[in-house]
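Okay, here's what each chain looks like letter by letter:
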Amino acid sequence: MPALEQDIFRDQRTRCDHTPAWVALQAHFEATGRHFDVRGAFAADPARYRAFSQEAPHVFADLSRNRIDHATEALLLDLARQCGLEQQRQAMWMGEPINTTEQRAVLHHLLRQPVPPLGGADAAPFIAQAGRDVHRTLQAMLSYADSVRQDARITDIVSIGIGGSGLGPSMAVTALEEHWQAGQRVHFVSNVDGMELGSLLRRLRPESTLFLIASKTFTTAETMVNAHAARDWFLAHGGSTDTNADLPLARHFVALSTNVDAARGFGITTTFGFWDWVGGRFSLWSAIGLPIAIAVGSKMFQQLLAGAHAMDEHFYTAPLEHNLPVRLGLLDIWYRNFHGFSSRCIAPYSHGLRRLSAYLQQLEMESNGKGVDWRGQALPYATSPVVWGEPGTNGQHAFFQMIHQGKDIIPVEFIVLRQGGRDLPEQHSRLVANALAQAQALMLGRDSACGHRHFSGNRPSTVLLLERLNATSLGALLALYEHRVFVSGSLWGINSFDQWGVELGKQLASNLEPRLASGDAQGLDGATAGLLRRLRSGQQQ
Ligand code: F6P
């Protein structure tokens, strides 16, 4: 992209705290926001549920139990416009390098566009080319996935990858469990703790196992250590690096990576690639999604893409005031920067979505857990909340006590399915009733003269309602979260697409590992040196 355009993108931005809307929101918060009572708002406005609900593709959202009114939303929309949200959305769409610290475009939405050519007649040539590359790779990957599914010799698929190269696929494969291929199991290994891979290998046979080494960079330490351990195990159990052997490594190891050369150096001859404009935590739609395609088949993988694409269209075309990712992203700003709520609980009332919170932790906190703006200047306001959670009803018997009666206000996101899964369907209404009851209890509270039994109420929550959990609705839900993260990140003026914060620990770990063997504590801080000595001696010191 020409330098001039890039400068315009950078310099025309206004940081949220420098806008008139920010000042107006502060005044609005002091005047009515701080003591806003959702129960009073419902009493005053019989149409509140309708006004604060939003239809989006495959997801219906009820926002009415949040501490917002029309004036709040209007001011938040002003803020979005004054921060240039629409221009930033357009910059992402046009493939401008909005990941400025790495000089990369952010185009994961291209991965789910249905047919080339992409971006219409006026698409930049590199986007049109990217679209063609996407479709070529997708077709190759899907036909490979279907061939694995039809190969009765392969009973176990082991995907080795961490962070964005593990969380998304494992979450999606778990969610779509009802559709797995009979007779095949898909396993995910991410931790460098040998317990994870070791305990799995004990149950496998090399001739019936396919290893997928999922790593964008093909350098991530944990993944490489596990990949080499899997390779050693394979070779020690009859496998061979000779492509003509009975059990060739080249047939049982496949790479999902942008680094084809490194994969080849490992001995892998089949690599499904992707591009630097796909961030790790946005990569399940790319070749990184191969375990999903193997688990549920090419048709269903395409349904996943189609669901996400439907949400993309909504995000790019719906007016801001009726745009669900925008409304949710603005709510996140309102709660984080004005109310000061520091965490948000994800409560999927769905066993299938039990890995969703883990996935969202990376999506939201790695994206928006930043302390400087796009120019590298320190921010005077908070960014990403802590995102956490567990499926309902399990969470009710664990941490909901604190959400109901603790001193912190924690907005909860209930994810509810209108129709349950195939197993024990008679239990589904009990599950749904519990979700609705929790949202109701949080809002209504209960007066009691006994302090222990008193519920203050007015505790905010959102309900995201899906017709059922399938590939299409899952795709839409995940794209909704991706765009919401973009919205809040844009308004905070941060780069949501880099992750420099994970670098330091990686470097220090590489420095410490040889010291654990040698015992060399020279130059270390006192605590690390003390622990190193204790770890080596195995005794109290
Ligand atoms: O934790 C940092 C990170 O770079 C993530 O952003 C990424 O998803 C993960 O590591 C894995 O990286 P790779 O796919 O290159 O192995």
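- For the chain, the name recorded in an unreviewed UniProt entry is Glucose-6-phosphate isomerase, with Giesbergeria sinuosa as its organism.
- Its UniProt record gives the chain a comment under Function (unreviewed entry), which states: "Catalyzes the reversible isomerization of glucose-6-phosphate to fructose-6-phosphate."
- According to its UniProt record, the chain has this under Catalytic activity (unreviewed entry): "alpha-D-glucose 6-phosphate = beta-D-fructose 6-phosphate".

Notes on the environment of Tyr481
Okay, so step 1: Considering the arrangement of structural elements, one finds Tyr481 in helix H19 (residues 471–492).
Okay, so step 2: On a C-alpha basis, the gap between Tyr481 and Gly329 in space is 9.0 Å, while along the polypeptide they are 152 residues apart.
Okay, so step 3: Ignoring anything within four residues of it in the chain, the contact list for Tyr481 reads Arg344, Ile346, Leu360, Leu363, Glu364, Glu413, Ile415 and Leu464.
Okay, so step 4: One polar contact links Tyr481 to Glu413, side chain to side chain, over a distance of 2.6 Å.

Looking at the site of the ligand
Okay, so step 1: Taken together, 14 residues lie around the ligand, and Gly164, Ser165, Ser215, Thr217 and Thr220 are the ones closest in.
Okay, so step 2: In the model, an oxygen atom of the ligand is placed 2.7 Å from a nitrogen or oxygen of the Lys216 main chain.
Okay, so step 3: Gln362 is positioned such that a nitrogen or oxygen atom in its side chain is 3.2 Å from an oxygen atom of the ligand.
Okay, so step 4: Among the residues forming the shell around the ligand, the class breakdown is two nonpolar, nine polar and three charged.

What to know about empty space enclosed by the protein
Empty space among the atoms becomes visible once a probe the size of a water molecule is rolled across them.
Okay, so step 1: Counted by the stated rule, this structure contains seven cavities of 30 Å³ or more.
Okay, so step 2: By volume, the largest cavity is sized at about 130 Å³.
Okay, so step 3: The class makeup of the residues in the lining of the largest cavity is six nonpolar, six polar and one charged.
Okay, so step 4: Each pocket or cavity is described by its volume, and for the second largest cavity that value is around 70 Å³.
Okay, so step 5: For the second largest cavity, the full set of lining residues is Leu111, Val134, Thr137, Leu138, Met141, Gly273, Trp275, Trp285, Ser286 and Ala287.
Okay, so step 6: Classifying every residue of the lining of the second largest cavity by side-chain character gives seven nonpolar, three polar and no charged.

Let's talk about the packing of aromatic side chains
Okay, so step 1: This structure, assessed with the given rule, holds 22 aromatic pairs.
Okay, so step 2: Here a set of aromatic residues connected by ring pairs shows up, and it is made of Trp93, Phe282, Phe315, Tyr316, Phe486 and Phe497.
Okay, so step 3: Across from the ring centre of Trp285, 4.6 Å away, lies the NZ or CZ of Arg112, which sits over that ring.
Okay, so step 4: For the cation-ring pair, Arg231 lies above Phe266, with the distance from its terminal atom to the ring centre recorded as 5.3 Å.

Some points on the UniProt feature "active site" (unreviewed entry) in the chain
Okay, so step 1: Within this numbering scheme, the UniProt entry marks Glu366, His397 and Lys506 as carrying the feature "active site" (unreviewed entry). The greatest C-alpha distance among the annotated residues, which extend across 141 residues, is 36.3 Å, indicating that they are dispersed rather than converging on a single site. Cross-referencing the annotated residues with the lining of the largest pocket gives Glu366 and Lys506.
Okay, so step 2: Turning to its location among the elements, Glu366 is positioned in helix H16 (residues 356–368).
Okay, so step 3: The partly exposed category is assigned to Glu366, whose relative accessible area is 22%.
Okay, so step 4: The residues touching Glu366, leaving out its near neighbours within four places in the chain, are Arg281, Gln361, Asp498, Gln499 and Val502.
Okay, so step 5: You can see His397 is positioned in the loop between strand E9 (386–389) and helix H17 (400–405).

A look at the pattern of salt bridges
Okay, so step 1: Considering all chains together, one arrives at 30 salt bridges under this definition.
Okay, so step 2: Measuring nitrogen to oxygen at the nearest pair gives 3.3 Å for the salt bridge that ties Asp261 to Arg264. Here the residue Asp261 and the residue Arg264 both occupy positions in helix H12 (residues 260–266), the gap between them amounting to three residues, near one helical turn.
Okay, so step 3: Judged by its relative accessible area of 57%, Asp261 falls in the exposed class.
Okay, so step 4: Since its relative accessible area comes to 52%, Arg264 is described here as exposed.
Okay, so step 5: Across the salt bridge formed by Lys506 and Glu503, the nearest N and O atoms sit 3.8 Å from each other.

Some details on the confidence of the model for the chain
Okay, so step 1: Predicted confidence across the chain gives a mean pLDDT of 95, with 96% of residues reaching 70 or more.
Okay, so step 2: Below pLDDT 50 for its whole length, residues 1–9 participates in twelve contacts with residues either more than four positions away or in separate chains.
Okay, so step 3: Overall fold confidence (pTM) sits at 0.96, and the ipTM for the predicted complex is 0.98.

Comments concerning the nonpolar core
Okay, so step 1: Trp277, Leu290, Leu356 and Leu474 are the most contacted members of the largest nonpolar core, which totals 113 residues.
Okay, so step 2: For this core, the element with the most residues is H19, which contributes 13 residues.
Okay, so step 3: What Trp277 contacts, discounting residues up to four positions off in sequence, is Ala105, Val106, Leu107, His108, Leu110, Leu111, Ala130 and Val134.
Okay, so step 4: Counting residues in hydrophobic clusters, the runner-up holds 22 residues, among them Leu197, Ala227, Phe253 and Phe266.

Regarding the layout of surface pockets
Okay, so step 1: Volume-wise, the largest pocket comes out at about 1100 Å³.
Okay, so step 2: In terms of lining, the largest pocket is formed by 40 residues, of which the most central are Thr217, Thr220, Val502, Glu503 and Lys506.
Okay, so step 3: For the lining of the largest pocket, the class distribution of residues is 14 nonpolar, 16 polar and ten charged.
Okay, so step 4: Lining the second largest pocket are 29 residues, with Glu178, His351, Gly352, Gly420 and Gly421 sitting closest to its centre.
Okay, so step 5: Broken down by secondary-structure element, the contributors of at least two residues to the lining of the second largest pocket are helix H8 (167–175) and helix H18 (428–444).
Okay, so step 6: Partitioned by chemical class, the residues of the lining of the second largest pocket number eight nonpolar, 14 polar and seven charged.

Reading the values: rules and limits
- Residues numbered from 1 in each chain as written.
- Predicted model: local features only at pLDDT ≥ 70, side-chain atom pairs only at ≥ 80, totals over all residues.
- Heavy atoms only, no water.
- UniProt positions renumbered as here; feature names shortened; annotations may be inferred.
- Helix = DSSP H or I, 4+ residues; strand = E, 2+ residues; numbered from the N terminus.
- Contact = heavy atoms within 4.5 Å.
- Polar contact = N/O pair within 3.5 Å; in protein donor to acceptor, adjacent residues only side chain to side chain.
- Near = heavy atom within 4 Å.
- Nonpolar A, V, L, I, M, F, W, Y, C, P; charged D, E, K, R; others polar.
- 1 Å grid on protein atoms, 1.4 Å probe; cavity = no way out; pocket = protein on both sides within 12 Å on 5 of 7 lines; lining within 4 Å.
- Points joined across faces, edges and corners; volume = space filled by probe spheres on them.
- Phe/Tyr/Trp six-rings, centres within 6.5 Å; stacked < 30°, edge-to-face > 60°.
- Lys NZ or Arg CZ within 6 Å of the ring centre and 35° of its normal.
- Buried < 20%, exposed > 50% of the residue type's maximum accessible area, 1.4 Å probe, protein only.
- Salt bridge = Lys/Arg side-chain N within 4 Å of Asp/Glu carboxyl O.
- pLDDT = per-residue confidence, 0-100.
- Core = buried A, V, L, I, M, F, W, Y, C linked by side-chain atoms within 4.5 Å.

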